[in-house]
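Results of the structural survey
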Amino acid sequence: MTPNPETIERLRALLAQITTLTTTNEIHWERQLNSAHRYARWNNNLLILGPDAPTDEKEIPRYLFITPFDSPDCIEVGSDDAELGAAVLALVRAVEAQTRNQKPVDPFGVTQELLHRLTH
């Protein structure tokens, strides 16, 4: 199904907002250990950007996957999309700049903070 022009513009605005929040460090992206993705949490949503590959490898398609934590609904936008691909690539560049020197983390690792939240 091809989105209508209004939906495309809303998605474009959403991608621009996420990119801006990334460049201003209001959205903090993580490099996931043993994964080809970056992920972030924002407004009770999980953002997944992938795959993790150098930005100069232009032939590799990229995607942004967004899903609410409290719903099975999701949105996926790819860099091969004629209308929104450039916005996805702009986000890829912003996330790469933010996470370039970051050590990968295990988002499913058991931490003292998690244990404290679960037991108190």
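The structure under discussion appears in the preceding block.
**Some words on helix H2 (residues 85-99)**
- Across its 15 residues, H2 extends 21 Å between first and last C-alpha, which sits within 8% of the 21 Å expected from 1.5 Å per residue.
- All buried positions along H2 are accounted for by Gly-85, Ala-87, Val-88, Leu-91, Val-92, Ala-94, Val-95, Glu-96, Gln-98 and Thr-99.
- Buried positions along H2 lie against helix H1 (5-23), strand E1 (30-31), strand E2 (38-42), strand E3 (45-50), strand E4 (63-68) and strand E5 (75-78).

**Digging into the sheet that holds E5**
- Reading across the sheet, the five strands line up as E1-E2-E3-E4-E5 and stay open at both edges, with antiparallel pairing between neighbours. The sheet is open, and its two edges are formed by E1 and E5, each paired on a single side.
- Note: E2 against E3, five bridges, orientation antiparallel. Bridging across to E3, Arg-41 finds its partner in Leu-46.

**Brief notes about the packing of H1 against H2**
- Packing of H1 against H2 brings their axes to within 9 Å, and their N-to-C directions diverge by 15 degrees. Here H1 is positioned roughly parallel relative to H2, judged by the angle of their axes. Where H1 crosses over H2, the handedness of that crossing is left-handed. Contacts between H1 and H2 pair Leu-15, Ile-18, Thr-19, Thr-22 and Thr-23 from the former with Ala-87, Val-88, Ala-90, Leu-91, Ala-94, Val-95 and Gln-98 from the latter.
- When grouped by side-chain class, the residues that make up the contact of H1 with H2 number eight nonpolar, four polar and no charged.

**Looking at the pairing of E2**
- The element E2 is extensively covered by neighbouring structure, given that four of its five residues are classed as buried.
- In the sheet, E1 pairs with E2 via two bridges, with the strands oriented antiparallel. Its bridge partner being in E2, Arg-31 is matched across the sheet by Arg-38.
- Count of turn residues in the E2/E3 antiparallel hairpin: two residues, of which Asn-43 carries a positive phi of about 50 degrees.

Cut-off values and rules
- Residues numbered from 1 in each chain as written.
- Predicted model: local features only at pLDDT ≥ 70, side-chain atom pairs only at ≥ 80, totals over all residues.
- Heavy atoms only, no water.
- Helix = DSSP H or I, 4+ residues; strand = E, 2+ residues; numbered from the N terminus.
- Expected span 1.5 Å × (residues − 1).
- Buried < 20%, exposed > 50% of the residue type's maximum accessible area, 1.4 Å probe, protein only.
- Contact = heavy atoms within 4.5 Å.
- Pairing = 2+ DSSP bridges.
- Axes fitted to C-alpha atoms, helices over the stretch in contact; angles between N-to-C directions.
- Parallel < 35°, antiparallel > 145°, perpendicular 65-115°, else oblique.
- Left-handed = near helix turned anticlockwise from the far one by under 90°.
- Nonpolar A, V, L, I, M, F, W, Y, C, P; charged D, E, K, R; others polar.

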